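# A structural walkthrough
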Amino acid sequence: MEEIACDLCGATASQPLYTLHDAASDVPGEFVLRRCTHCGLMYLSPRPTQGAIAAHYPAEYAPYQRAIEDERWRLMRWMRRRRLAGRRRLVERYSGHTRGRLLDVGCATGLFLHEMDRAGWQVAGVEPIASAACYARSRFGLDVFEGTLSSACYAPASFDVVTFWDVLEHTFSPAEELAHAARLLRPGGLLASNVPNWDSVDRRLFGRYWLGLDPPRHLYAFTRETLTALLVQAGFSVLGWMCFMSGFFSFIVSLERWLETVNPRLSKAVYRALSAPGMRLPFEPWFAFSNWLRRGAIISVFARKTHS
Ligand SMILES: [Zn+2]
């Protein structure tokens, strides 16, 4: 375990918000989510060291999704395909390009890179988890570096777009990651990222059990203000914010974690029932509505590199 100072402003004064435990593994440890008294960035301290964090990632970690083609249900294939194409179109709209060189940091099993590759982009990925990197390479033939962004060797100013999907909250220093991304981008290049949405309905509903905190895999929690400050510090200007990812998974896991403290058997049963194929469909209008209000579980930001 290690204690840290604020990654945005360097201050050590902070206010504790929650004392948290890992709800997804049996690895012991007590982590404190705190808010920097100076700038408002929220971070975990104490937190596991870089050497100890791997123990907190279960083997069947849900974000490591398999290829859409392998999805059993045709409707689910159609929904996942449509959602991924929507993400590609947003990147194309904000970058102003429909072709170019794109780096996906924390590319997991390569689904987004595969979508961009199919649309004609030149793509590269970085992924620290060996099994996910290996899947992306063998299943989709992608160029994926196994490791972290700081250990990869890409030429400065060699990318038009750098993306961090569900990644920044996992990094040990978002400020360093964003500064690194700024160096790799051409002037005017696009940075796209998403993070758990502090302003979401789910965070207000579930509080400490909200999946957006997922301790200790998530080392940071961002508001739009603190993420903007980090982006500006790294040399970006924000172009826009948007909620467009489905909040269903986040909702049912948050619900399960909350129910676990009330009635563990009920919690398992409710989770099993809600995660059955197709169960999400009746709820999708609600998630679409909360996204429209920018109160969805996950918020995305698009930013342009102005200097580095
Ligand atoms: Zn601070």
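The following paragraphs examine the structure supplied in this document. These numbers were taken from a predicted model, which means no experiment stands behind them.

### Examining the overall build of the protein
Across its full length, the protein holds 9 helices and 11 strands. Within the protein, the proportion of its 308 residues that are buried is 54%. In the protein, of all internal contacts separated by at least 6 residues, the share reaching a separation of at least 24 is 71%. A total accessible area of about 14,200 Å² is found for the protein, and carbon and sulfur atoms account for 55% of it. Positive and negative charge centroids in the protein, built from 36 and 29 side chains respectively, lie 7 Å apart.

### What about the coordination of the zinc ion?
Donor atoms from the polypeptide that bind the zinc ion are C6 (SG), C9 (SG), C36 (SG) and C39 (SG), placed at 2.3 Å. Between the 4 donor atoms coordinating the zinc ion, the angles at the centre fall across 99 to 117 degrees, so the site counts as tetrahedral.

### Digging into the layout of surface pockets
Within this model, the second largest pocket holds a volume of roughly 350 Å³. Along the walls of the second largest pocket sit 14 residues, with R82, R83, F244, M245 and N291 positioned nearest its centre. For the lining of the second largest pocket, the elements supplying multiple residues, two or more each, are helix 1 (74-95) and helix 9 (284-292). Of all the elements, helix 1 adds the most residues to the lining of the second largest pocket, at 7 residues.

### Here we look at the sheet that holds strand 5 (residues 122-127)
Across the sheet, 7 strands lie side by side as 6-5-4-7-8-11-10; this open sheet has mixed pairing. On the outer flanks of this sheet lie strand 6 (144-146) and strand 10 (236-242), each paired with one strand and no other. The average angle at which neighbouring strand axes cross in this sheet is 20 degrees, direction not considered. Docked against the sheet, helix 4 (residues 174-184) engages strand 4 (101-105), strand 7 (159-164), strand 8 (185-196), strand 10 and strand 11 (298-305), running at close to 150 degrees with respect to strand 8. Contacts from helix 6 (residues 224-234) reach strand 8, strand 10 and strand 11, with the element oriented near 150 degrees to strand 10.

### Focus: the pattern of salt bridges
Going through the model one piece at a time under the given rule, you end up with 15 salt bridges. Taking the shortest distance from any N to any O, the salt bridge between R81 and E115 comes out at 3.5 Å. Note that R81 is positioned in helix 1 and E115 in helix 2 (residues 111-118), a separation of 34 residues in sequence. Between R257 and D214 there is a salt bridge, with its nearest N and O atoms 2.7 Å apart. With R257 in helix 7 (residues 248-262) and D214 in the loop between helix 5 (201-206) and strand 9 (220-221), the pair connects residues that are 43 residues apart, well separated along the chain.

### Remarks on the sheet that holds strand 1 (residues 14-20)
Judged by pairing direction, the sheet is antiparallel, and its 4 strands sit side by side in the order 1-2-3-9 without closing on themselves. With partners counted over all chains shown, the strands left at the sheet margins are strand 1 and strand 9, one partner each. Relative to strand 9, strand 3 (residues 42-44) runs antiparallel, the two being bridged by 2 bridges. Across the sheet, M42 pairs through a bridge with A221, a residue of strand 9.

### Notes on the nonpolar core
In this structure, L103, F164 and L227 are the most contacted members of the largest nonpolar core, which totals 60 residues. What F164 contacts, discounting residues up to four positions off in sequence, is D104, V105, L149, E177, L178, A181, L191, A192, S193 and N194.

### Observations concerning empty space enclosed by the protein
In this structure the tally under the stated criterion is 3 cavities of 30 Å³ or more. Considered as a void within the structure, the largest cavity measures approximately 50 Å³ in volume. Sort the elements by how many residues they give to the lining of the largest cavity and helix 9 lands first, with 3 residues. When grouped by side-chain class, the residues that make up the lining of the largest cavity number 4 nonpolar, 4 polar and 2 charged. Roughly 40 Å³ of internal volume is contained in the second largest cavity. Contributing elements (two or more residues each) for the lining of the second largest cavity: strand 8 and helix 6. Here the lining of the second largest cavity is composed, by residue class, of 7 nonpolar, 2 polar and 2 charged.

### Quick notes on the side chain of E284
Among the secondary structure elements, E284 is positioned in helix 9. Relative accessible area serves as the criterion here: at 15%, E284 is assigned to the buried category. In contact with E284, other than residues within four places in its own chain, are M79, R83, S246 and F248.

The rules behind these values
- Residues numbered from 1 in each chain as written.
- Predicted model: local features only at pLDDT ≥ 70, side-chain atom pairs only at ≥ 80, totals over all residues.
- Heavy atoms only, no water.
- Helix = DSSP H or I, 4+ residues; strand = E, 2+ residues; numbered from the N terminus.
- Buried < 20%, exposed > 50% of the residue type's maximum accessible area, 1.4 Å probe, protein only.
- Contact = heavy atoms within 4.5 Å.
- Areas by Shrake-Rupley, 256 points an atom, 1.4 Å probe, with all protein chains shown as cover.
- Lys, Arg positive; Asp, Glu negative; His and termini not counted.
- Charge placed at Lys NZ, Arg CZ, Asp CG, Glu CD.
- Donors = N, O, S within 2.8 Å, 3.2 Å for Na, K, Ca; no water.
- Tetrahedral: all angles 85-135°; square planar, octahedral: opposite > 155°, others 65-115°.
- 1 Å grid on protein atoms, 1.4 Å probe; cavity = no way out; pocket = protein on both sides within 12 Å on 5 of 7 lines; lining within 4 Å.
- Points joined across faces, edges and corners; volume = space filled by probe spheres on them.
- Pairing = 2+ DSSP bridges.
- Axes fitted to C-alpha atoms, helices over the stretch in contact; angles between N-to-C directions.
- Salt bridge = Lys/Arg side-chain N within 4 Å of Asp/Glu carboxyl O.
- Core = buried A, V, L, I, M, F, W, Y, C linked by side-chain atoms within 4.5 Å.
- Nonpolar A, V, L, I, M, F, W, Y, C, P; charged D, E, K, R; others polar.

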